[in-house]
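# Per-entry structural report
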Amino acid sequence: MTLNENHYFYTPIYFSQKKEWVSNLNKITDPYILESKNKNLSISNKDFAVVHHSDQLAHDINFEEFIKYINITAYNILNNQGFNLTEYSLVTTELWVQEFASLGGGNHSPHIHWNGHISGFYFLKCSDKTSFPMFHDPRSGRMMNLLPEKNQSQITIASSIINFKPEPGAFMFFNSYLQHEFSVDHGLEPFRFIHFNIQAVPKQLINNDIKRISS
């Protein structure tokens with residue numbers, strides 16, 4: 001008997017490149033990283049096992065083109081996935097830059113971003129010697145009776161976690177429900193990236209807020 005194989009409820013991850021933005025965005029984010037480092041190093045004199053995390057960047061006019069690009073991309077992703085966005089506007093709710101400790105130990109434990117729809121990364125400083133993003137299978141029911149994999153170095157239907165080694169200038173977009181983490185960095189080379197979250201907000205709520213402000 002021949003079995004016909006069909007895949008449903010799959011989880012996409014999207015990739016694009018903007019290498020021409022790397023140099024300028026590194027310069028723009030330098031002051032934010034320096035400010036965060038100064039705060040962290042005032043607590044500990046050793047730059048180890050910390051993540052230098054900026055405040056929100058969405059207010060900075062230097063990120064206007066960046067925000068426009070990620071919002072348009074997020075709209076196209078959700079629209080192509082079959083979601084009806086007629087009554088929604090996409091808003092970048094979170095945007096920040098992070099750099100892992102120069103002596104190593106920086107990492108992110110597995111997490112998701114609540115109340116969002118599209119999340120993503122833009123990598124500014126990275127190499128095959130730095131930390132990298134890892135994504136977990138979002139199907140919680142599957143984890144209850146998961147069997148061992150034959151070969152964890154291969155991506156198969158049995159895989160429960162996958163990882164990617166990015167290059168500077170690489171974008172990654174994914175649905176915000178997808179659990180992700182960053183491996184422990186060894187401090188061999190700089191690791192910096194921009195992280196963003198985008199939410200589809202009902203237009204009625206936005207219009208009501210505008211009315212309240214103007215009244």
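Conventions used here
Residues numbered from 1 in each chain as written. Predicted model: local features only at pLDDT ≥ 70, side-chain atom pairs only at ≥ 80, totals over all residues. Heavy atoms only, no water. Helix = DSSP H or I, 4+ residues; strand = E, 2+ residues; numbered from the N terminus. Buried < 20%, exposed > 50% of the residue type's maximum accessible area, 1.4 Å probe, protein only. 1 Å grid on protein atoms, 1.4 Å probe; cavity = no way out; pocket = protein on both sides within 12 Å on 5 of 7 lines; lining within 4 Å. Points joined across faces, edges and corners; volume = space filled by probe spheres on them. Nonpolar A, V, L, I, M, F, W, Y, C, P; charged D, E, K, R; others polar. Pairing = 2+ DSSP bridges. Axes fitted to C-alpha atoms, helices over the stretch in contact; angles between N-to-C directions. Contact = heavy atoms within 4.5 Å. Core = buried A, V, L, I, M, F, W, Y, C linked by side-chain atoms within 4.5 Å. Phe/Tyr/Trp six-rings, centres within 6.5 Å; stacked < 30°, edge-to-face > 60°.

Attention shifts here to the overall build of the chain. Within the chain, the regular secondary structure consists of four helices and ten strands. Reading the secondary structure of the chain in the N-to-C direction produces β-α-β-α-β-β-β-β-α-β-β-β-β-α. A principal-axis box enclosing the C-alpha atoms of the chain has dimensions of 65 × 55 × 35 Å. Per-residue burial for the chain yields a buried fraction of 41% across its 215 residues.

For the largest pocket, the calculated volume is near 570 Å³. Around the largest pocket, the lining is made up of 22 residues, and of these Thr 11, Asp 137, Arg 139, Thr 156 and Ser 159 lie nearest the centre. Listed by contribution, the elements that provide at least two residues to the lining of the largest pocket are strand E6 (133-136) and strand E7 (161-163). Broken down by class, the residue content of the lining of the largest pocket amounts to twelve nonpolar, seven polar and three charged.

Reading across the sheet, the six strands line up as E1-E8-E5-E10-E3-E2 and stay open at both edges, with antiparallel pairing between neighbours. Only two strands of the sheet have a single neighbouring strand rather than two, namely strand E1 (13-17) and strand E2 (51-53). Pairs of neighbouring strands in the sheet enclose a mean axial angle of 25°, with direction left out of account. Bridge analysis of strand E3 (residues 88-100) against strand E10 (residues 192-202) gives eleven bridges, and the strand direction is antiparallel. Looking at the pairing, Thr 92 lines up with Ile 198 of E10. In the packing of helix H1 (residues 22-43) onto the sheet, the strands contacted are E2, E3, strand E5 (118-125) and E10, and the crossing angle to E5 comes to about 95°.

For the rest of this paragraph, the subject is the nonpolar core. Leu 25, Phe 63, Phe 66, Tyr 122, Phe 171 and Ile 194 are the most contacted members of the largest nonpolar core, which has 28 residues in total. Of all elements in the fold, only H1, helix H2 (64-80), E3, E5, strand E8 (170-175) and E10 reach the threshold of two or more residues within this core. Per element, the largest residue contribution to this core is seven residues, and it comes from H2. Residues in contact with Phe 66, not counting those within four places in the same chain, are Trp 21, Leu 25, Leu 95, Tyr 122, Phe 171, Ile 194 and Phe 196. Within the second largest apolar cluster, 13 residues are counted, among which are Ile 13, Cys 126, Met 172 and Phe 182.

Turning to the sheet that holds E6, a few remarks are in order. In spatial order, the strands read E4-E9-E6-E7; together these four strands make up an open sheet with antiparallel pairing. With partners counted over all chains shown, the strands left at the sheet margins are strand E4 (108-111) and E7, one partner each. Averaged over all adjacent pairs, the angle separating strand axes in this sheet is 20°, with direction ignored. Looking at chain direction, E6 and E7 are connected through three bridges and run antiparallel. Looking at E7, one finds that His 136 is bridged to Ile 161.

Before going further, it helps to spend a moment on the packing of aromatic side chains. All told, the structure shown has 31 aromatic pairs when counted by the stated rule. Arranged with centres 5.5 Å apart and planes meeting at 35°, the rings of Phe 66 and Phe 171 form a pair that is tilted. Pair noted here: Phe 66 is in helix H2 and Phe 171 is in strand E8, with a separation of 105 residues, a long-range link. Both residues of the pair, Phe 66 and Phe 171, count as buried. Arranged with centres 6.2 Å apart and planes meeting at 85°, the rings of Phe 100 and Phe 182 form a pair that is edge-to-face. Taken together, the positions of Phe 100 in strand E3 and Phe 182 in strand E9 (residues 180-182) put the pair 82 residues apart, joining distant regions of the chain. Judged on exposure class, the residue Phe 100 and its partner Phe 182 are both buried. Three or more aromatic residues joined by ring pairs form one cluster here, namely Phe 15, Phe 100, Phe 121, Phe 123, Phe 135, Phe 164, Phe 174, Phe 182, Phe 191 and Phe 193.

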